[in-house]
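One letter stands for each residue in the lines below.
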Amino acid sequence: MSLDELLADVEDKHRLFCRAKAELAESLTNFQDHNADRDYRYVQNEIAAALHISRRGADRLLSQSSELTERPAVLKALAQGLIDESKALLIVDQVRLLKEPQASVAEADLLEYAPTRTYTSVRRHAQTLIHKLDPKAAEARHEEKRKARMVEKVNLDDGMCQLNLMMTAFQGSLAYARIDQIARALPKDGRTLDQKRADVTLDLLLGKETDAPAGQVLVYLTMPITSLMGMNDDPAVLAGYGPIPAPIAREVAAGGIWKRILTDPVTGMAEEVSNVYRPTAKQRELIHARYPRCTAIGCQQPAHRCDLDHCCPFDGANTTIKNLRPKCRHHHRMKHESNWACKNLPDGRHVWNTPAGRVYETEPEPIAEPAPIPEPAPF
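As a starting point, this report considers the structure included with it. (Residues numbered from 1 in each chain as written. Predicted model: local features only at pLDDT ≥ 70, side-chain atom pairs only at ≥ 80, totals over all residues. Heavy atoms only, no water.)

Further remarks concern unusual backbone geometry. Here Glu100 and Pro101 are connected by a cis peptide whose omega angle stands at 5°. Backbone geometry at His52 places phi at a positive 60°, although glycine is not the residue there. Turning to its location among the elements, His52 is positioned in the loop between α3 (43–51) and α4 (55–69). With relative accessibility at 71%, the residue His52 sits in the exposed group. (Helix = DSSP H or I, 4+ residues; strand = E, 2+ residues; numbered from the N terminus. Buried < 20%, exposed > 50% of the residue type's maximum accessible area, 1.4 Å probe, protein only.)

This is how it looks when you write it as structure tokens:
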């Protein structure tokens, strides 16, 4: 079998797996609904005993199954293998705070968008869409999640554990940027960057001395001027995360340093950055604004942590906006060290050819809402 045929077999098995997940959700819901009223609240105990899992695990299965079966269109897409379980659960979670008809509009939009995108892209698109359909619902969701902030310790094997800290996206971006800044400033000592970040985090939590470099940490937030001024509630976009509610962004903006970015009114793509740095730095800023993430398929690494790759090999004169694209170090190496190949198209799309012969496109990402196309005047 060719590589493409073997990959097609993988796709077939994945569709079957998704179908089984949908059927399991239906079976669990049917079992729960057929229990007597006095037994209904204890159904998870019977599921746990039958599947040899914890009661908490059974409760989670039942809850997810109920959410999926309440949105038949999402369940059907899962059964057809168009989306996997994680995307299906994401969609039902994102639309649940919306009222009709906005919930159905959002569901249809997300089911059309999700099949060819990664989970993170779908989440970002969903949040942008919900902000557009109902800004108050998006703000209520943020407040609901903010109340759930927590620290959790998960025991792992081999004498290890994992510490999970839930906070707002902006706070997390600031905290991670600070940890990363300190870790990168440490001298080479045999530790990987991830190991340094872990050690720096522990030192900070335990109040130990750290050789913290001077200077502020940078977090990039893109926001329409109309929203900044309170004329509307269009969301801001937090680099490396996605949209956040306008009221939260306005609080952040009060203490921020802002730059003007001009966008194409038709496409919403970045076209010009205010002249603050020398031309090469300005050029880098515009590329980061136009392509906020690594331009490899599905990669979510923020552009400011990527290399700027010459798509056509450097010839001494092609360090241009059209030829440069952000690529994380992994995908930059992949391009040079493997049979993967890429090229830029004039409209900003980035095309990848894989060793199996597949062709994929990554789309340019607007940082502003494109202007609506005016309807033609009646004759």
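Here we take up empty space enclosed by the protein. Inspection of every chain in the model, using the stated rule, returns two cavities of 30 Å³ or more. Volume-wise, the largest cavity comes out at about 60 Å³. Along the walls of the largest cavity sit Lys21, Leu24, Ala25, Leu28, Leu61, Gln64, Ser65, Leu68 and Glu85, which together make up its complete lining. Mapped by element, the contributors of at least two residues to the lining of the largest cavity are α1 (3–33) and α4. Here the residues of the lining of the largest cavity are counted per class, giving five nonpolar, two polar and two charged. When its volume is computed, the second largest cavity comes out at roughly 30 Å³. Forming the walls of the second largest cavity are His131, Pro135, Glu139, Asp233, Pro245, Ala246 and Pro247. Among the secondary structure elements, those contributing two or more residues to the lining of the second largest cavity are α9 (135–146) and α13 (246–253). Per-class residue counts for the lining of the second largest cavity are four nonpolar, one polar and two charged. (1 Å grid on protein atoms, 1.4 Å probe; cavity = no way out; pocket = protein on both sides within 12 Å on 5 of 7 lines; lining within 4 Å. Points joined across faces, edges and corners; volume = space filled by probe spheres on them. Nonpolar A, V, L, I, M, F, W, Y, C, P; charged D, E, K, R; others polar.)

Looking now at the nonpolar core. In this structure, Leu68, Val74, Leu78, Ile83, Ile91 and Leu110 are the most contacted members of the largest nonpolar core, which totals 28 residues. Elements that contribute at least two residues to this core include exactly α1, α5 (72–79), α6 (85–95), α7 (102–113), α8 (119–133) and α9. The element contributing the most residues to this core is α6, with six residues. Ignoring sequence-local partners within four residues, the contact set of Ile83 consists of Cys18, Val74, Ala77, Leu78, Ala88, Ile91, Leu111, Ala114 and Pro115. In this structure, Ala296, Cys299, Cys306 and Cys328 belong to the second largest nonpolar core, which totals nine residues. (Core = buried A, V, L, I, M, F, W, Y, C linked by side-chain atoms within 4.5 Å. Contact = heavy atoms within 4.5 Å.)

Moving on to the pairing of strand β10 (residues 341–344). Of the two faces of β10, only one is covered, namely that formed by Cys342 and Asn344; the face formed by Ala341 and Lys343 stays uncovered. Two strands pair when backbone bridges link them, and β10 and strand β11 (residues 350–353) are joined in this way by four bridges, in the antiparallel orientation. Among the inter-strand pairings, Ala341 is bridged to a residue of β11, identified as Asn353. The antiparallel hairpin formed by β10 and β11 contains five residues in its connecting segment, where Gly348 sits at a positive phi of about 100°. (Pairing = 2+ DSSP bridges.)

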